Amino acid sequence: MGAGRVSWCRVRGPLAPWAAGYERWLAARGYARLSVRTRVCQLARLSRWLEREGLDVWELNEQSVELFLAARRGAGYVTWVTSRCVELPLAYLREVEAAPSAAVVVSEGPWTGLLGGYREYLVCERGLAPLTVAGYERVARLFLEQQPGRLESLTAADVSGFLARECPRRSVSGARDLVASLRPLLRYLHVAGLIGSPLVWAVPGVKDLRDRSLPRGVEPQVVARLLAGCDRRRTVGRRDYAILLLLVRLGLRAGEVAAMRLEDLDWRAGEVLVRGKGCRQDRLPLPVDVGQALVSYLQRRGSSEFRAVFLRMHAPAGALTRMAVCSVVHDACVRAGVQPVGAHRLRHTAATAMLREGASLVEIAQVLRHRGIKTTASYAKVDRARLRPLAMPWPGGAS
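Asks: Which parts of the structure should I look at to understand the overall build of the chain?
Replies: A tally of regular secondary structure across the chain gives 17 helices and three strands. Counting across all 399 residues of the chain, residues that qualify as buried make up 40%. If you take every contact in the chain between residues at least 6 apart in sequence, the share linking residues at least 24 apart comes to 59%.

Asks: Explain the sheet that holds strand β1 (residues 265-266) to me, please; I cannot follow it from the model alone.
Replies: Two modes of strand pairing occur in sheets, parallel and antiparallel, and in both the strands are linked by backbone hydrogen bonds. Spatially, the three strands line up as an open sheet ordered β1-β2-β3, and their pairing is antiparallel. Two strands close off the open sheet at either side, each with one partner strand: β1 and β3 (281-285). Where β1 and strand β2 (residues 271-275) come together, two bridges link them in antiparallel fashion. Each residue of the ladder has a partner; that of D266, found in β2, is E271.

Asks: I would appreciate a short explanation of the pattern of salt bridges in the present structure.
Replies: Any two side chains of opposite charge can pair, so long as their charged atoms come close to each other. Tallying each qualifying case throughout the model produces 15 salt bridges. A salt bridge links R94 to E62; the shortest N-O distance between them is 2.9 Å. Here E62 lies in helix α3 (residues 62-74) and R94 lies in helix α4 (residues 87-95), a separation of 32 residues in the sequence. Across the salt bridge formed by E66 and R73, the nearest N and O atoms sit 2.7 Å from each other. For E66, a relative accessible area of 36% corresponds to the partly exposed category. One continuous salt-bridge network, built from bridges that share partners, spans R119, E137 and R141.

Asks: Whenever I open this one, unusual backbone geometry confuses me. Can you help?
Replies: Outside of glycine, negative phi angles account for most residues, and trans bonds account for most peptide bonds. Omega for the bond connecting A315 with P316 falls within 30 degrees of zero, at -5 degrees, which places this linkage in the cis form. Tracing the backbone through its elements, the reader meets P316 in the loop between α12 (288-301) and α13 (322-336). For E97, which is not glycine, the phi dihedral falls at a positive 60 degrees. Residue classification places E97 among the exposed residues on the basis of a relative accessible area of 67%.

Asks: Would you mind going over the packing of aromatic side chains with me for this structure?
Replies: Two numbers describe a pair of aromatic rings. These are the distance of the centres and the angle of the planes. Counting across every chain of the model gives nine aromatic pairs. When the centroid spacing of 5.7 Å and the interplanar angle of 65 degrees are considered together, the rings of W49 and F68 count as edge-to-face. Residue W49 is located in helix α2 (residues 33-53), and its partner F68 is located in helix α3; the two are separated by 19 residues in the primary sequence. Here W49 and F68 have matching classes, each one buried. Taking the centre distance of 5.1 Å and the plane angle of 40 degrees together, the rings of Y121 and Y188 count as tilted. With Y121 in helix α5 (residues 112-125) and Y188 in helix α8 (residues 172-191), this pair connects stretches of sequence that are 67 residues apart. Each member of the pair Y121 and Y188 is classed as buried.

Asks: Any chance you could explain the layout of surface pockets here in plain terms?
Replies: It is a probe the size of a water molecule, rolled over the atoms, that shows where empty space is left. Here the second largest pocket is characterised by a volume of approximately 320 Å³. Taken together, 15 residues form the lining of the second largest pocket, with V248, R249, A353, M354 and E357 sitting closest to its centre. When residues of the lining of the second largest pocket are traced back to their parent elements, those giving at least two are α9 (220-228), α10 (235-249), β3 and α14 (343-356). Sorting elements by how many residues they give to the lining of the second largest pocket places α14 first, with five residues.

Asks: Please clarify how the pairing of β2 should be interpreted in this entry.
Replies: The two faces of a sheet get side chains in turn, since along a regular strand they alternate between them. Remark: four residues form the turn of the hairpin made by β1 and β2, two consecutive strands paired antiparallel; G270 in that turn has positive phi of roughly 65 degrees. Two strands pair when backbone bridges link them, and β2 and β3 are joined in this way by five bridges, in the antiparallel orientation. Bridge pairing in β3 places R275 opposite Q281. If you look at the hairpin formed by β2 and β3, you'll find five residues sitting between the two strands, and G278 has a positive phi there, around 65 degrees.

Asks: What exactly am I supposed to notice about the nonpolar core here?
Replies: Note that soluble globular proteins tend to have their nonpolar side chains buried in a common cluster. In this structure, L246, L294 and F310 are the most contacted members of the largest nonpolar core, which totals 44 residues. Within the residue set of this core, elements represented by two or more residues are α9, α10, α11 (254-258), β2, α12, α13 and α14. Apart from the residues within four sequence positions on either side, F310 is in contact with R239, A242, I243, L246, V257, M260, L294, Y297, G318, A319 and L320. In this structure, L151, V159, L199 and V203 belong to the second largest nonpolar core, which totals 31 residues.

Asks: Please clarify how α12 should be interpreted in this entry.
Replies: Residue pairs spaced three or four apart in an α-helix point in one direction, given the helix's 3.6 residues per turn. For α12, spanning 14 residues, the distance from its first C-alpha to its last is 20 Å, which sits close to the expected 20 Å at 1.5 Å a residue. Of all the residues in α12, the buried ones are V290, G291, A293, L294, Y297, L298 and R301. For α12, the angular spread of the buried residues around the axis is 160 degrees, confining them to a single face. Turned more than 90 degrees off the buried face of α12, the exposed positions are V288, Q292 and Q299. Close packing links the buried residues of α12 with α10 and β1. Among the residues trailing α12, G302 stands out with phi positive, at a value near 80 degrees.

The rules behind each value
Residues numbered from 1 in each chain as written. Predicted model: local features only at pLDDT ≥ 70, side-chain atom pairs only at ≥ 80, totals over all residues. Heavy atoms only, no water. Helix = DSSP H or I, 4+ residues; strand = E, 2+ residues; numbered from the N terminus. Buried < 20%, exposed > 50% of the residue type's maximum accessible area, 1.4 Å probe, protein only. Contact = heavy atoms within 4.5 Å. Pairing = 2+ DSSP bridges. Salt bridge = Lys/Arg side-chain N within 4 Å of Asp/Glu carboxyl O. Phe/Tyr/Trp six-rings, centres within 6.5 Å; stacked < 30°, edge-to-face > 60°. 1 Å grid on protein atoms, 1.4 Å probe; cavity = no way out; pocket = protein on both sides within 12 Å on 5 of 7 lines; lining within 4 Å. Points joined across faces, edges and corners; volume = space filled by probe spheres on them. Core = buried A, V, L, I, M, F, W, Y, C linked by side-chain atoms within 4.5 Å. Expected span 1.5 Å × (residues − 1). Arc of directions from axis to C-beta.

So, in structure tokens, the structure goes:
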């Protein structure tokens, strides 16, 4: 099959030399034969439009693509008329350096330089994940844009005023996130010498009701139904079964499951490397049943160019995301006919199960990789058998 000639469509024009490679690129990412055919035909139409307009492939960017889509809409077409439709051909052409890279849009403003330094601080010094950094940066921009004067004159009253304006617009959890995101900014401003005194103390805490309730795990019979609902005759069932076991038996977070790579599994030592929050890495023993579930899935999954353990079943091929792991738990609940729970509830389930089996809080903290024992101490409240002798008798009641 020569360049520019594919199985179903003849691609003419500026994009012809890349048509065959585009077909192989799509097939390697798990797209079905019919999907590949459809997308190659789309590439042919884009190439013919470039030829009519007298444009070269290097002139293919967001602006020219929008003109292509507008031309299709103007001609009365109802398919391939949104920017999402051309994400795949653009991604391929940029990957092979046939088209220019996407223009980086930098929002210029008085705080651009400061925010860049703050971003570097969060990544390099604090070791935060990109999603967390993005959230902290949004709060930082919101705070800085509301400061009328110079940072040297920033006072506790300015911090209080910002929180007084913003917190009422949010829920309790939203206000808690806002406060948690503001503290690192104030800490950075002081460390960088941009404000004279640390103002972290000026950020009050948000009333937290979490410690007034018991950590909510999932009952063992519900866990059994979740696991039994995975059809392990299929690859997706084996994958979901292994994911659920990692959540229930090791108490991993959804993001930690998604981040697991093939080289993290040490079969000889019977251990797994967990890539946790704040770039922390810990090794945990791999229970036999969890290891068997992983082997069963990986043997069925086969080899892949991706190093992630858990992959998507549908195109485009690639690693599962944190949200996809959460969706696995949700779908398992639907199959089992139980009330849907979040992936973090299974982490609570692992902790309460260890407590029932007699594990100490220190041992649970080691498995869950808590930074402080105070976080693990909340699970002591679910051990009613040990707490009952400590309860004060009701006044006037039976002794």
